[in-house]
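Per-entry structural report
Residues per chain, in single letters:
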Amino acid sequence: MLLDVRAVCIELAGKSIVGDISFGLRSGEFTVVLGPNGAGKSTLLKALAGDLCLTRGEALFNGRRLDEWRPPELARSRAVMPQRVEVNFPLTAREVITLGRPARSARAADPVIDELMELLDVQALANRSMPTLSGGEQQRVQLARVLAQIWGSPAPRLLLLDECTSALDPAHQQMVFRLLKELAHEQGFGVLAVAHDLNLAAQHGDSLILLRSGSMHSKGCPQWVLTETALWEVYGLAARVTHQPEGFPVVIPSGRTGDLLKTAV
Amino acid sequence: MLIDAAGRVSQGPALVVMSGLALAVALISLASGAYPLALVDILGLLGGQDSSDPVHHMVLFEVRMPRLLLGFLAGSVLAVSGAILQGLFRNPLADPGLIGVSAGAALAAITVIVLGGTVLSGWVDLLGRWALPLAAFAGGSGTVFLAWKIARRAGQTSVATLLLAGIAINAVAGAGTGLLTFYADDSELRSLTFWTMGSLGQASWDDLVVAGPWLLLALILAPLLARPLDAFLMGEQVVGHLGYSTLAVKRGAILIAGLGVGAAVAVTGLIGFVGLVVPHVVRQLLGASHRTVIPYSALAGGTLLVAADCIARVVVAPAELPIGLMMALIGGPCFLALLLRTRMV
C-alpha cells in the first residue's frame, strides 16, 4: 500500500474535525475525496501533507510513518498542492515552476520545466509575472510546480491535491483530471485529490471517498459511492444519477432540502 | 539585449552597470570631503606609490578608506536584511526600521552607552569593545523575533499585526531611548545623537575590526537562504512541502537580519530606508527571485549608502550632515515616487 491511513483523528483547538478515518491508496490509483463544506477534506489532506499533526491514529507512506521521513527525502516522493497559494511578489511563472526542482542546478536549463508547461498549457505564460495571471492560470502554474517536484523521481510517488481545479474552466478541468489519471495509471503515481465537482470526480476517479462531518460515509468506485441516497444523506442534495455507457455515473442536481426556491416555484 | 523575455533588465548588463557605478562612487567617496584629494593622487597611492605629502596618505588610508568600506558593508547588509525580512514576511514593507529592528538595536546600544558606567558595568568589563556591538546585535535579533512571534497567529503571518507590532515596538524602543536620553550626561548625549541620526563620520579601522566580520558573515550566509525564501513567497506551508525545514529557514533569516542590522547599527547608528528602497527597486528592475534580489541588493545598497555619505559630507562642508538624515531625505521622496508609479502589493 502506497498510503495507509489508519484510524486517523484530527482535533483543532480541542474540536474534532476528522474522526476515525481509515483508507488505503495504492500506487497507480487516483482517488477523489468528496464531501460538503466543512466535512474535513482539507484538514485530512493537510495532515497527510504534514501541515497538521494527527491527534490519534497513524498514516504510513510506503510502509513508513509520515513523520519518520526526512523532509528532503519526502519532498522527492510526495508533492502537495494547497487549496490557495498567493504569490504577491513579481516571480515569473517559470521561476515558480523551477522552485519545484530544489535539488536541480538553477543555472542549467531543465527540460522537465518545458515539458510540464506544455502539459498544463502554460508555455505562453512562462515569462509573465504571477500577480498578473488570472486565478486559473496561477492554479495551472502551481500545479506544474507541484508535479515538477516529483517528476522523474523513483517510486514511490504521491500527489496530494486540494481543489486543484477550483478556478479552471471546464476544458482545463478535463485536461488536468485526465492528466492525473494518466499519471496514476501509466506512471504509477498515487493521487489523492480533494474536489467539489461530482461529475469530474465520477468521470476520472478510480475510487471516491465521501466524507460527512469528519467521518467516512462511503468509499469505493464511483458507481457505488455516487447514489441518489448518498447525495441526499451527505449533501442534503436532491439529484438524479444516470449512468453513462462509458461506465461512470452522472449527477444531475435538482435542488436542496428546505430550498426556498422549490416552494416558491 | 538589455531587456529579457520577462520584461526585466538583463542580468549581464545590470551587473556591469552597477559594478561600474559602485566603483565610480567609491572613487568619488575617496576623493571628496573637507580635504579634497585628486583622483591621480588616489590612484597613485592605491598603486603603492609614495606620496610627497604624508597628509594625503593619512587622509586616504586612515580616514576615507575605512569610512568607504564600512559604509559599503553597512549599506549592503541593511539592504540584504531588508530583502530577507520582506521575503520572510511576504511583504515588501517589512523594512528593518518599520518592524522596529533598528530601533531595538539602537536602544540596546544606547542602554550600554548610558548605563555602561553604572548598572551594566559588569557587561562592559566582561566584553570590552565588544560590549556595544554585541548589545546592538542582541537588541536587533530580539526585536525581529518579537515582531515575528506577535505577527504569527495560528499559522498565518498577519501583515496588519506585523506593522502594528512594529509601531508598538518602535514606540516602546523610542520611549526607552527618550528615558535614557533624560538620564544621560553631556558627553553621553553627544554619542546618543550619533546613534539616533546615524553617521559614518567616526568610522575607523577599529570599527571595521569589530563589525566587519559580522557584516561579512551576514552577507556570506544570506545567499544560502535564497531558494527557501523564494518558496516562502508562496506561503509557509509550501516551504515545508518542498522539503525545507520551515523553522530552520525562519531562524536563519532572523539570525542573519538581526546579526547584520545589529552590527550595522552598532557602528553606523540608525540609517533607515536602505532596507526598504533598495530591494524594492531591485525587484522592479531584475525580478523577485531572491537569487537575484540578495546579491544585487548588496551591491546597490552599498553603493547607495556610500553615495549618500559623499553628499552628506560635501553639501555643508566642512561640517557633515548625519547620514541617517541624508538617507531619509533621499529615500523618502524616492519611495513616494515608486509608490505613485507602481502598484504596491
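1. Thoughts on helix 4 (residues 101-115) of chain B
All names here are of chain B.
- Look at helix 4: 21 Å from first C-alpha to last across 15 residues, which is about the 21 Å you get at 1.5 Å a residue.
- Of all 15 residues in helix 4, twelve are buried, a share of seventy percent or more.
- All of the buried residues in helix 4 are Val-101, Ser-102, Ala-103, Gly-104, Ala-105, Ala-106, Ala-108, Ala-109, Ile-110, Val-112, Ile-113 and Val-114.

2. Digging into the sheet that holds strand 2 (residues 15-25) of chain A
Residues and elements named next belong to chain A.
- An order of 2-1-4-5 is seen for the four strands of this open sheet, with the pairing classed as antiparallel. Single-partner strands in this sheet number two, and they are strand 2 and strand 5 (64-65).
- Relative to strand 4 (residues 56-61), strand 1 (residues 3-12) is paired through five bridges, and the arrangement is antiparallel. Across the sheet, the residue bridging to Arg-6 is Glu-58, located in strand 4.
- Relative to the sheet, helix 1 (residues 41-49) contacts strand 1, strand 2 and strand 4, its axis offset from that of strand 1 by approximately 115°.

3. Some words on the packing of aromatic side chains
- What the rule picks out here adds up to four aromatic pairs over all chains.
- Aromatic pair Phe-182 of chain B and Tyr-183 of chain B: ring centres 5.7 Å apart, planes at 80°, arrangement edge-to-face. The exposure classification of Phe-182 of chain B matches that of Tyr-183 of chain B, with both residues exposed.
- Sitting over the face of the ring of Trp-69 of chain A, Arg-64 of chain A holds its NZ or CZ atom 4.3 Å from the ring centroid.

4. Brief notes about the interface of chain B and chain A
- Opposite the 25 residues of chain B that make contact, chain A presents 31 residues.
- Regarding the contact of chain B and chain A, the summed buried area is about 2,400 Å², with carbon and sulfur atoms giving 60% of it.
- One can count one salt bridge joining chain B with chain A.
- Measuring nitrogen to oxygen at the nearest pair gives 3.1 Å for the salt bridge that ties Glu-95 of chain A to Arg-8 of chain B.
- Where chain B packs against chain A, one counts six residue pairs in polar contact (both at pLDDT 80 or more).
- Residues belonging to the side of chain B that touches chain A are distributed by class as follows: eleven nonpolar, seven polar and seven charged.

5. Focus: the pairing of strand 2 of chain A
All names here are of chain A.
- As paired elements, strand 1 and strand 2 share seven bridges and run antiparallel to each other. Residue Val-8 lies in a different strand from strand 2, and its bridge partner there is Ile-21.
- Here strand 1 folds back onto strand 2 in antiparallel fashion, the turn holding two residues, of which Ala-13 has a positive phi close to 50°.

6. A closer look at helix 12 (residues 246-268) of chain B
- In a regular helix each residue adds 1.5 Å, so 23 residues correspond to 33 Å; helix 12 of chain B covers 32 Å between its end C-alpha atoms and thus fits that length.
- By the criterion of burial, helix 12 of chain B is predominantly enclosed, with 18 of the 23 residues buried.

7. So, the confidence of the model for chain B
Residues and elements named next belong to chain B.
- Per-residue confidence for chain B gives a mean pLDDT of 84, with 95% of residues at or over 70.
- Within chain B, no element has a lower average pLDDT than strand 2 (residues 156-157), which sits at 58, and none a higher one than helix 14 (residues 290-314), at 92.
- Interface confidence for the predicted complex, expressed as ipTM, amounts to 0.87; the pTM equals 0.87.

8. Considerations on the nonpolar core
- Membership of the largest hydrophobic core comes to 144 residues, with the highest contact counts inside it found for Leu-34, Leu-159, Leu-161 and Leu-180 of chain A together with Ile-84 of chain B.
- For this core, the leading source of residues is helix 12 of chain B, giving twelve residues.
- Excluding residues that lie within four positions of it along the chain, Leu-161 of chain A makes contacts with Leu-45, Met-81, Leu-143, Val-146, Leu-180, Val-191, Leu-192, Ala-193 and Val-194 of chain A.
- Among the nonpolar cores identified, the runner-up in size contains 28 residues, and Leu-3, Val-8, Leu-44 and Leu-74 of chain A belong to it.

9. Let's talk about the pattern of salt bridges
- One pass over the structure, following the stated rule, counts 16 salt bridges over all chains.
- For Glu-29 of chain A, the salt bridge identified is with Arg-26 of chain A, shortest N-O distance 3.8 Å.
- On the accessibility criterion, Glu-29 of chain A (6% relative accessible area) is buried.
- As a salt-bridge pair, Asp-309 of chain B and Arg-313 of chain B come within 3.4 Å of each other at their nearest N and O atoms. Taken together, the residues span about one helical turn, with Asp-309 of chain B and Arg-313 of chain B both in helix 14 at a distance of four residues. Both residues of the pair, Asp-309 of chain B and Arg-313 of chain B, count as buried.
- Connected through shared salt-bridge partners, Asp-4, Arg-6, Glu-58, Arg-65, Asp-67 and Glu-68 of chain A make up one network.

Reading the values: the criteria
- Residues numbered from 1 in each chain as written.
- Chains lettered and ligands numbered in written order.
- Predicted model: local features only at pLDDT ≥ 70, side-chain atom pairs only at ≥ 80, totals over all residues.
- Heavy atoms only, no water.
- Helix = DSSP H or I, 4+ residues; strand = E, 2+ residues; numbered from the N terminus.
- Expected span 1.5 Å × (residues − 1).
- Buried < 20%, exposed > 50% of the residue type's maximum accessible area, 1.4 Å probe, protein only.
- Pairing = 2+ DSSP bridges.
- Contact = heavy atoms within 4.5 Å.
- Axes fitted to C-alpha atoms, helices over the stretch in contact; angles between N-to-C directions.
- Phe/Tyr/Trp six-rings, centres within 6.5 Å; stacked < 30°, edge-to-face > 60°.
- Lys NZ or Arg CZ within 6 Å of the ring centre and 35° of its normal.
- Buried area = accessible area lost by both parts, 1.4 Å probe.
- Salt bridge = Lys/Arg side-chain N within 4 Å of Asp/Glu carboxyl O.
- Polar contact = N/O pair within 3.5 Å; in protein donor to acceptor, adjacent residues only side chain to side chain.
- Nonpolar A, V, L, I, M, F, W, Y, C, P; charged D, E, K, R; others polar.
- pLDDT = per-residue confidence, 0-100.
- Core = buried A, V, L, I, M, F, W, Y, C linked by side-chain atoms within 4.5 Å.

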